[in-house]
Amino acid sequence: MLKENKLSKFYYGWVVIGIVFLSLLVSAGISSFPSVLIQSLEKEFGWTRASISGVISIRILLYGLIGPFSAAMLAKFGVRRTMVFAIILMLISLGLTPFITAVWQLILLWGVLGGISTGALANVLGITVANRWFVKHKGLVIGLLTASAATGQLLFLPLLAKITSDSGWRNAVYVIMAALLILLPIVGIWMRNHPYDKGLAPLGTTEVVKPAPFQGNLLLTPIRTLFSVMKNLTFWMLAGTFFFCGFSTNGLIGTHLIAACGDSNIPIVTAASLLALMGIFDLVGTTFSGWLSDRFDSRWLLFWYYGLRGLSLIFLPYALGTGYTQLTVFAVFYGLDWIATVPPTVKLTSDAFGKEKAGMVFGWILVAHQAGASTAAYGAGFLRELLGSYTVPFVAAGFVCLIAAIVALRIRSRKAAAVAAA
């Protein structure tokens, strides 16, 4: 009887969070895989780094653009159906990839289909699920789900780099497909759309509330939401700082660090291990950032995150030219700060626009993030072709982050945002 009582106290929302964490983890592994492919595709097909970077740029941009519409899909069709659809789309994209022979095929499969499918399993999913299931510990949950991207790198990048190095990039694709085939039935069987489906209230409350049906058009509602917040300066400051965030993370380091290490004669497996090391420390840093965002002013958290990231990027060209010790220092320092910006940005978004609109509004803020990432992904590849090194892109991103740190302090506080909303 005592055992039954203990089991009855277990909150099913933690199962949902575990499934979403696993899904975001696999999606992050897929999103980071193109950075491993750059040198292999250059050698096999003779494609330029700029053209491959262009494909990755398209993928990153669509990853962001799908966010607001993904929020609408989650509301209209439910979390489980949306996740299953995204996983099937990923499998189609990956399954056809080993047969490519031209850049336009890579654009279609990895740029378009890959961007849409991974974009549906992104931060908007985590925020939507956290808002539905949790009031208590919500910041911590958002931090944990955001950190799943780092964990995806931790698990997949060294493995995929090793397989690519030993037996070719096509076999690495098959490994990712196997992970998706394991994930698909887990989502289909155990995922739930809302606490109401289990007769539960969100953790931290006692009232069981039936979710309101989705109102509006699947395509037009996100666009109307965008127009409704475009006059709000807080939105533009959050979007602007997040543009700089994407510019300095997955668009630059996530896409080009392995290739930059290759320019310095650092083996691909070692370079991938550096990204994985960042993943370990980002898992800690971003989860802790979620905990901090429940307790401290999110504007000051963003100030420190962007400022420290900027300094680490300015240090990176020196680290690449001096050896493994300095690169390890960079990986640890930068890793703690990789996407620690997400929980305080989500908190400020929820404060300014309300829980109901937070997912869709943050989806548009994420578009700005991915626009910055897309710009850096292509721009860094182009400058590398033009100048022969990544020094200028890395240092420029560092100074951009220092600007973002200053802008973050200008974002309205929770009290001011509430007054403006009233």
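The protein chain carries the name MFS transporter in an unreviewed UniProt entry, which gives Paenibacillus chondroitinus as its organism. Looking at the protein chain in UniProt, the text filed under Subcellular location (unreviewed entry) is "Cell membrane".

*Asks:* Describe the overall build of the protein chain, with residues and values.
*Replies:* Broken down by element type, the protein chain carries 19 helices and zero strands. The C-alpha radius of gyration computed for the protein chain amounts to 21 Å, which stays within 12% of the reference 22 Å derived for 422 residues, consistent with globular compactness. Along the three orthogonal principal directions, the C-alpha set of the protein chain runs to about 60 × 45 × 45 Å. Pairs at least 24 residues apart make up 85% of the contacts formed inside the protein chain by residues separated by at least 6 positions. Split by element, the accessible area of the protein chain, about 17400 Å² in all, is 68% carbon and sulfur. Here the protein chain contributes 30 positively and 14 negatively charged side chains, and the mean placements of these two sets differ by 9 Å.

*Asks:* Describe in detail helix α12 (residues 253-263), supporting the description with residues and values.
*Replies:* By the criterion of burial, α12 is predominantly enclosed, with nine of the 11 residues buried. Inspection of α12 places Ile-253, Gly-254, Thr-255, His-256, Leu-257, Ile-258, Ala-259, Ala-260 and Cys-261 among the buried residues, and these make up the whole buried set. Looking one or two places after α12, you find Asn-265, whose phi comes out positive at around 60°.

*Asks:* Which residues make up the pattern of salt bridges, and what are the values?
*Replies:* The final tally for this structure, using the stated rule, is four salt bridges. The closest approach of N and O atoms between Arg-170 and Glu-44, which form a salt bridge, is 2.8 Å. Highlighted residues: Arg-170 in helix α9 (residues 169-190) and Glu-44 in helix α3 (residues 34-45), separated in sequence by 126 residues. Residue Glu-44 is classed as partly exposed on the basis of its relative accessible area of 40%.

Cut-offs applied
Residues numbered from 1 in each chain as written. Predicted model: local features only at pLDDT ≥ 70, side-chain atom pairs only at ≥ 80, totals over all residues. Heavy atoms only, no water. UniProt positions renumbered as here; feature names shortened; annotations may be inferred. Helix = DSSP H or I, 4+ residues; strand = E, 2+ residues; numbered from the N terminus. Rg over C-alpha atoms; globule rule 2.2 N^0.38 Å. Contact = heavy atoms within 4.5 Å. Areas by Shrake-Rupley, 256 points an atom, 1.4 Å probe, with all protein chains shown as cover. Lys, Arg positive; Asp, Glu negative; His and termini not counted. Charge placed at Lys NZ, Arg CZ, Asp CG, Glu CD. Buried < 20%, exposed > 50% of the residue type's maximum accessible area, 1.4 Å probe, protein only. Salt bridge = Lys/Arg side-chain N within 4 Å of Asp/Glu carboxyl O.

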